[in-house]
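Read off the chains here:
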Amino acid sequence: MSVGLPVHKSDIDSRAGSICSVLQMQFQAVLSFQGYLDATANADLIAMGYTDQEVATLKTAFADLFLLAQIYTGAVALPAAKDFRTFARQLWGVGP
């Protein structure tokens with residue numbers, strides 16, 4: 001008798017494919033959102049209710065994520081180690 005859910009090849013295939021698909025979609029979302037942020041003046045975001053510091057955090061977090069997306073696609077190389085979570089963790093709230 002086994003304990004827990006059995007693992008089969010199809011489970012591994014499904015999980016691997018799902019992780020890769022979600023990662024690809026999220027990097028595409030980062031590229032798209034970075035375009036929005038690039039085209040949006042800080043003053044416009046401040047008029048929506050953000051503070052100067054919140055705008056700086058938002059734009060810096062997505063600039064870091066944009067760089068990570070470019071590295072992911074091979075568009076640029078990472079010259080030195082970088083923790084891409086530094087500003088993004090300020091946006092993700094509770095969670096890992």
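Every chain begins its residue count from 1, and numbering advances along the sequence as written. Given that this is a predicted model, residues contribute local features only at a pLDDT of at least 70 and side-chain atom pairs are listed and counted only at 80 or more, while totals for whole chains, interfaces and linings are drawn from all residues. No hydrogens and no water enter the side-chain calculation; it runs on all heavy atoms of the structure.

Let's shift gears to the nonpolar core. Residues belong to a common nonpolar core when they are buried Ala, Val, Leu, Ile, Met, Phe, Trp, Tyr or Cys residues joined through side-chain atoms within 4.5 Å. The cut-offs for exposure are 20% and 50% of the maximum accessible area for each residue type, with area from a 1.4 Å probe on protein chains only; residues under the lower value are buried, those over the upper are exposed, and the others partly exposed. Among the nonpolar cores identified, the biggest contains 10 residues, and these are F27, V30, L37, L45, V55, L58, F62, L65, A69 and A88. Contributing elements (two or more residues each) for this core: α1 (9-39) and α3 (52-73). Considering every element that reaches this core, the biggest residue donor is α3, with 5 residues. Any pair of residues with heavy atoms lying within 4.5 Å of one another is described as a contacting pair. In contact with V55, not counting residues within four places along its chain, are N42, L45, I46 and Y50. Counting from the N terminus, the helices are DSSP H or I runs at least four residues long and the strands are E runs at least two residues long.

So, about the pattern of salt bridges. When the charged atoms of two side chains with opposite charge come close together, those side chains can pair. Any Lys or Arg side-chain nitrogen found within 4 Å of a carboxyl oxygen on Asp or Glu counts as a salt bridge. In the structure shown here, the tally under the stated rule is 3 salt bridges. Close ionic contact of D64 with K82 constitutes a salt bridge, the shortest N to O distance being 3.3 Å. With a gap of 18 residues between them, D64 in helix α3 and K82 in the loop between α3 and α4 (85-88) connect regions that are remote in the sequence. Among the salt bridges present, the one from D83 reaches R85, with a minimum N-O distance of 2.8 Å. Overall, D83 belongs to the partly exposed group, its relative accessible area being 33%.

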